[in-house]
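Given next are the chains, with one letter for each unit.
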Amino acid sequence: MAKITKLEDIVSLCKRRGFIFQSSEIYGGLASCYDYGPLGVELKNNVRKAWWKSIVQTREDVVGLDCSILMHPLVWKSSGHVDEFADLVVECRACNTRTRVDHLATGEAAAEHTEHVALDAAAAAARDLSETACPNCGRKGDFTEPMPFKLMFETRMGANVEDSMVVYLRPETAQGIFANFANVLATTRVKIPFGIAQIGKSFRNEVTTKAFIFRTREFEQAELEFFVKPGTDEAWWRTWKQLRYNWYADLGIKKENLRLREHADDELAHYAKACVDIEYKFPFGSGDWQELEGIANRTDYDLRQHQRGMRTVNRWIENDRDLAGIELASEAEDYESGPLSYFDESEKKRYIPYVIEPSAGIDRSTLAFLVDAYDEEQVRGETRNLLRFHPDLAPVKVAVFPLVRKDGMPEKARAVYDSLKRHFTCFYDEKGAVGRRYRRQDEAGTPFCITIDGQTDRDDTVTVRERDSMEQVRVTTERLLEYFRDRMEV
Ligand code: GAP
């Protein structure tokens, strides 16, 4: 069984079969931005749907939200992004290429995929780069002093120059959830413990973006903020760690490619009490364990920060709606009963809940599902390439073919296609030899193909061919819907 071993193989498969294209390719491309093609958009939608179903639709204790990408600038001051969300970079004096210090410091190929590290940790790692070679031109130790490189994209809002203000493209979806915490409390019947979930685009002006859709400047996140009573946070963190690991495994990721890795204390973000990454063994270099999702215990940090932010609004208005030079207001002494607190009826008291945050990347998990599903095998002297997607993720569930384009077979095949397409994503194809059509669907990851042949006219049965085993069985047309529902549990 061959396996994709190089990133280039994935990129080429994605391009060839219409999963993922470079953005703006006709103009030479835009670095680190990608477009999903006809099969890719179905796959990515299915990843989103699977997450939403597992996190929101099948749980009574989670509600959904869809917030705007542009938010009040004070949101990002309060969250810490305006001041803290930066990578420490150095510039090579010979070739002017900027590189993240934490990527240079370890000198390992794997390091270039690591997530952002705190500025002070990066600074500590930068102490001696005199023997370090520039990854672009190879010149040793000829770097500028380390400097912070801000990761948020900035733009201006407002038509008139004099009253326009700086706003940011959100770098995470989480803050929209915290900013709506009070709205959700006021309009629903949620009681702690409960969660608010959101899927949406986020933007980061990443320094290192080499690995296809693994790290891009525009990407999609799926985040859950699960609010709990302080003191119950550690147990909930363990629960979500297991639930999220199971989600990937249940959708077919092989257990040998999946692991949990807890952050060491010096790796933790400033707001986190604990964090565990779900990692996938991506085929970069010699095979790297890389983060798919982080599950953090964010404590009561965010809601408390936003209470401070709410107390800063007047100061910001007086400063001409400019964040430069203003500090967040101090925390109120009675912050535990502030506007973002929760009244616990059973305890008869107010407090700021703790938050457990499973934060996943939709594009990054789509890449992992693609890589993990890819397989090659030899069949009668030919290489068969296939994507062994879980049926919930497969872009097309059922392909329908007439064996030949005559004897009423196309009409019969169309009728079968029309009856099934209301229930599953189907694909109709009548061109070329049927063996070739099977192979094309194998490569698209379609779990089932139906062929209408000469026998269909006599006994109303069709051939159903299964992707993974290539086994063929005959099923009557009237049983097809039930057959696929049973086999795919959809
Ligand atoms: N709210 C917490 C948060 O944003 P993060 O570890 O920075 O945490 C969570 O991001 C997830 O979002 C990552 O595990 C990854 O799957 C995805 N992600 C982050 N940056 C990304 C990027 N530049 N490109 C693609 N996915 C990214």
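Below you will find a few notes about this structure.

Cut-off values and rules
Residues numbered from 1 in each chain as written. Predicted model: local features only at pLDDT ≥ 70, side-chain atom pairs only at ≥ 80, totals over all residues. Heavy atoms only, no water. Helix = DSSP H or I, 4+ residues; strand = E, 2+ residues; numbered from the N terminus. Buried < 20%, exposed > 50% of the residue type's maximum accessible area, 1.4 Å probe, protein only. Contact = heavy atoms within 4.5 Å. Areas by Shrake-Rupley, 256 points an atom, 1.4 Å probe, with all protein chains shown as cover. Near = heavy atom within 4 Å. Polar contact = N/O pair within 3.5 Å; in protein donor to acceptor, adjacent residues only side chain to side chain. Nonpolar A, V, L, I, M, F, W, Y, C, P; charged D, E, K, R; others polar. Axes fitted to C-alpha atoms, helices over the stretch in contact; angles between N-to-C directions. Parallel < 35°, antiparallel > 145°, perpendicular 65-115°, else oblique. Left-handed = near helix turned anticlockwise from the far one by under 90°. Salt bridge = Lys/Arg side-chain N within 4 Å of Asp/Glu carboxyl O. Pairing = 2+ DSSP bridges. Phe/Tyr/Trp six-rings, centres within 6.5 Å; stacked < 30°, edge-to-face > 60°. Lys NZ or Arg CZ within 6 Å of the ring centre and 35° of its normal.

Some details on the overall build of the protein chain
Looking only at helices and strands, the protein chain has 16 helices and 23 strands in total. Along the three orthogonal principal directions, the C-alpha set of the protein chain runs to about 80 × 65 × 50 Å. Of all 490 residues assigned to the protein chain, the portion counted as buried reaches 52%. In the protein chain, the proportion of contacts linking residues at least 24 apart, taken out of those at least 6 apart, comes to 65%. Surface accessibility of the protein chain: about 23,300 Å² in total, with carbon and sulfur atoms responsible for 48%.

What about the site of the ligand?
In the vicinity of the ligand, 19 residues are found, and the nearest of them are Glu-172, Glu-206, Thr-216, Glu-223 and Glu-291. In this structure, Thr-216 approaches the ligand through a main-chain N or O atom, which is 2.8 Å from a nitrogen atom. At 3.5 Å from a nitrogen atom of the ligand is found a side-chain nitrogen or oxygen belonging to Arg-298. The fraction of the free accessible surface of the ligand (550 Å²) that becomes covered by protein chains is 93%. Breaking the shell around the ligand down by element, the ones donating at least two residues are β10 (218-228), β13 (288-299) and β16 (354-361). When the residues that make up the shell around the ligand are grouped by side-chain class, the tally is five nonpolar, four polar and ten charged.

Digging into the packing of helix α2 (residues 38-57) against helix α12 (residues 362-373)
Taken N-terminus to C-terminus, the directions of α2 and α12 make an angle of 110 degrees; their axes are 10 Å apart at the nearest point. In this view, α2 runs roughly perpendicular relative to α12, as classed from their interaxial angle. As α2 runs across α12, the sense of the crossing is right-handed. Taken together, the residues of α12 that come into contact with α2 (itself represented by Leu-43, Lys-44, Val-47 and Arg-48) are Ile-362, Asp-363, Ser-365, Thr-366, Phe-369 and Leu-370. Of the residues contributing to the contact of α2 with α12, the split by class is five nonpolar, two polar and three charged.

Considering the pattern of salt bridges
For the structure on display, the rule yields 42 salt bridges. Between Arg-298 and Glu-357 there is a salt bridge whose closest N-O contact spans 2.8 Å. On the criterion of sequence distance, the pair formed by Arg-298 in strand β13 and Glu-357 in strand β16 is long-range, its members being 59 residues apart. Overall, Arg-298 belongs to the buried group, its relative accessible area being 1%. Because the salt bridges share partners, they merge into one network encompassing Asp-375, Glu-377, Arg-384, Arg-388, Asp-442, Arg-465, Arg-467 and Asp-468.

Quick look at the environment of Asp-460
Assignment of secondary structure puts Asp-460 in the loop between α15 (454-459) and β22 (461-466). Accessibility expressed as a relative area gives 29% for Asp-460, which makes it partly exposed. Apart from the residues lying within four places of it in its own chain, the contact partners of Asp-460 are Lys-412, Gln-455, Val-475, Thr-476 and Thr-477. Of note is the side chain of Asp-460, whose polar atom sits 2.7 Å from the side chain of Thr-477.

Description of the sheet that holds β16
Taking strand neighbours across the sheet as the criterion, the seven strands line up as β3-β9-β10-β16-β13-β12-β11 in an open arrangement whose pairing is mixed. Edge positions in the sheet fall to β3 (62-64) and β11 (258-262), since each has one partner strand and no second. The mean angle between the axes of side-by-side strands here comes to 25 degrees, regardless of whether they run parallel or antiparallel. Note that β11 and strand β12 (residues 274-282) share five bridges and pair antiparallel. Bridge pairing in β12 links Leu-258 to Tyr-280. Packed onto the sheet, α12 meets β9 (194-203), β10, β12, β13 and β16 and runs at close to 40 degrees relative to β12.

So, the packing of aromatic side chains
Summed over all chains, the structure comprises 22 aromatic pairs. Note on Phe-181 and Phe-227: the rings are 4.7 Å apart at their centroids and 45 degrees apart in plane angle, and the pair reads as tilted. Highlighted residues: Phe-181 in helix α8 (residues 181-187) and Phe-227 in strand β10, separated in sequence by 46 residues. Both residues of the pair, Phe-181 and Phe-227, belong to the buried class. Put simply, the rings of Phe-178, Phe-181, Phe-194 and Phe-227 touch in pairs and so form one group of aromatic residues. A cation over an aromatic ring shows up here: Arg-414 above the ring of Tyr-428, its NZ or CZ 3.9 Å from the ring centre. In this structure, Arg-465 is placed above the aromatic ring of Tyr-438, and the distance from its NZ or CZ to the ring centre is 4.6 Å.

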